[in-house]
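An overview of the molecular structure
So the chains spell out like this:
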Amino acid sequence: MCIRDRLATRPVFKRCLSNDALLREVGEDIENLLSSQTRWEAVRRNQVLCIGTPETLSGLHSWLTQSTIPVCWANEFNGGEDKVVLANFVDAKGLERDYVFILDIDQLPDGTLTENRLFTPATALEEEARLSRIKIFISLTRALREVHVYYTQPQRRFVVELLKLKEVLEKR
C-alpha cells in the first residue's frame, strides 16, 4: 500500500522560522479550527490530534492551556473527554482523528552524519532513518480529514523528501 492510498487528504505543509513561531502557528490554527463551523456541526476538540517530540508538545500544551483549550496526553486520554490530544510519534499509533497536526518531522533522526556522530556506523544511521520514516508514515496516516505538517528546517532530509512527494502528487 502506498502512502497516497492511506492519506485522507493531501497534507498542508507550513514552514515556521523558529520553534516559538511554530507553536504559535499550530496553536492559532487549532483555535481557528475549533471556532469554525463545518457544514453540519462544530469541530469537537477530541477530533484533534497533535503529534511531535515531547519537548515541543510540552510547549504546545502550555500554549493551548493558556488559550483555555482543554488538552491531554494520549496516555491519559479516555474516549469520552472532549480535549485536544497530544502524542509523541510512538504513542500516535492507533489514534485516528479527523484533524492531525504534525510537528517536528525535521527533528527526527534522518541518518545524517554530524560532528557528534562521526563514529556511528552507517548501518546504525540508516536504521534510525528507517525508523523515523515509519514514524512519519504512521503520523501522516492518522488523519481522517486533514493533516497539517509544521517544520522549521526546510533543508532536513525528511522535509525535502515530503515536499518532493507533495509536488509529485499535485501533478496527478
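See above for the structure.
Residues numbered from 1 in each chain as written. Predicted model: local features only at pLDDT ≥ 70, side-chain atom pairs only at ≥ 80, totals over all residues. Heavy atoms only, no water.

A count of helical and extended segments in the protein gives 5 helices and 6 strands. Each helix (α) and strand (β) of the protein, taken in turn from the N terminus, gives the series α-β-α-β-α-β-β-β-α-β-α. Split into buried and exposed, the 172 residues of the protein put 42% on the buried side. Across the protein, every contact between residues at least 6 apart in sequence was considered, and the portion connecting residues at least 24 apart equals 74%. Total accessible area on the protein is roughly 9,600 Å²; 50% of this is exposed by carbon and sulfur atoms. (Helix = DSSP H or I, 4+ residues; strand = E, 2+ residues; numbered from the N terminus. Buried < 20%, exposed > 50% of the residue type's maximum accessible area, 1.4 Å probe, protein only. Contact = heavy atoms within 4.5 Å. Areas by Shrake-Rupley, 256 points an atom, 1.4 Å probe, with all protein chains shown as cover.)

As for its placement among the helices and strands, aspartate 106 is situated in the loop between strand S5 (97–103) and helix H4 (122–140). Buried within the structure, aspartate 106 lacks any salt-bridge partner; arginine 156 is the closest side chain of opposite charge, at an N-O distance of 6.8 Å. Engagement of the side chain of aspartate 106 in a polar contact is seen with the backbone nitrogen of threonine 152, the distance being 2.8 Å. (Lys, Arg positive; Asp, Glu negative; His and termini not counted. Salt bridge = Lys/Arg side-chain N within 4 Å of Asp/Glu carboxyl O. Polar contact = N/O pair within 3.5 Å; in protein donor to acceptor, adjacent residues only side chain to side chain.)

Okay, the environment of glycine 27 next. Assignment of secondary structure puts glycine 27 in helix H2 (residues 19–35). Residue classification places glycine 27 among the buried residues on the basis of a relative accessible area of 0%. A C-alpha to C-alpha distance of 6.7 Å links glycine 27 and tryptophan 63, two positions 36 residues apart in sequence.

Bringing unusual backbone geometry into the picture now. Unlike most non-glycine residues, threonine 68 shows phi in positive territory, near 60°. The residue threonine 68 is located in the loop between helix H3 (54–66) and strand S3 (71–73) in this model. Exposure remark for threonine 68: the relative accessible area of 67% places this residue in the exposed category.

Next up on the list: the pairing of strand S6 (residues 143–151). Sheet topology note: the strand S1 (residues 12–15)/S6 ladder contains 4 bridges and is parallel. Note that in S6 the partner of arginine 15 across the bridge is tyrosine 151. Here 6 bridges tie S5 to S6, and the two strands are oriented parallel to one another. For isoleucine 102, the partnering residue across the bridge sits in S6 and is valine 149. (Pairing = 2+ DSSP bridges.)

Within S5, 7 of the 7 residues are buried, which leaves the element mostly enclosed by the surrounding structure. Both strand S2 (residues 48–52) and S5 contribute to a ladder of 4 bridges, which runs parallel. Counterpart to valine 48 in the pairing with S5 is tyrosine 99.

What follows covers H2. For H2, which comprises 17 residues, the first-to-last C-alpha distance of 24 Å matches the rise-based estimate of 24 Å (1.5 Å per residue) to within 8%. Looking only at H2, the buried set comprises Ala21, Leu22, Leu23, Val26, Gly27, Asp29, Ile30, Leu33 and Leu34. Buried residues along H2 sit against S1, S2, H3, strand S4 (84–88), S5 and S6. (Expected span 1.5 Å × (residues − 1).)

It is worth spelling out the sheet that holds S6 at this point. Spatial strand order, S1-S6-S5-S2-S4-S3: 6 strands in an open sheet with parallel pairing. The sheet terminates laterally at S1 and S3, the two strands that pair on one side only. When the angles between neighbouring strand axes are averaged without regard to direction, this sheet yields 20°. Where S2 meets S4, 4 bridges bridge the pair, whose relative direction is parallel. Bridging across to S4, leucine 49 finds its partner in valine 85. Taken strand by strand, H3 contacts S2, S3, S4 and S5, and its axis lies near 165° from that of S4. (Axes fitted to C-alpha atoms, helices over the stretch in contact; angles between N-to-C directions.)

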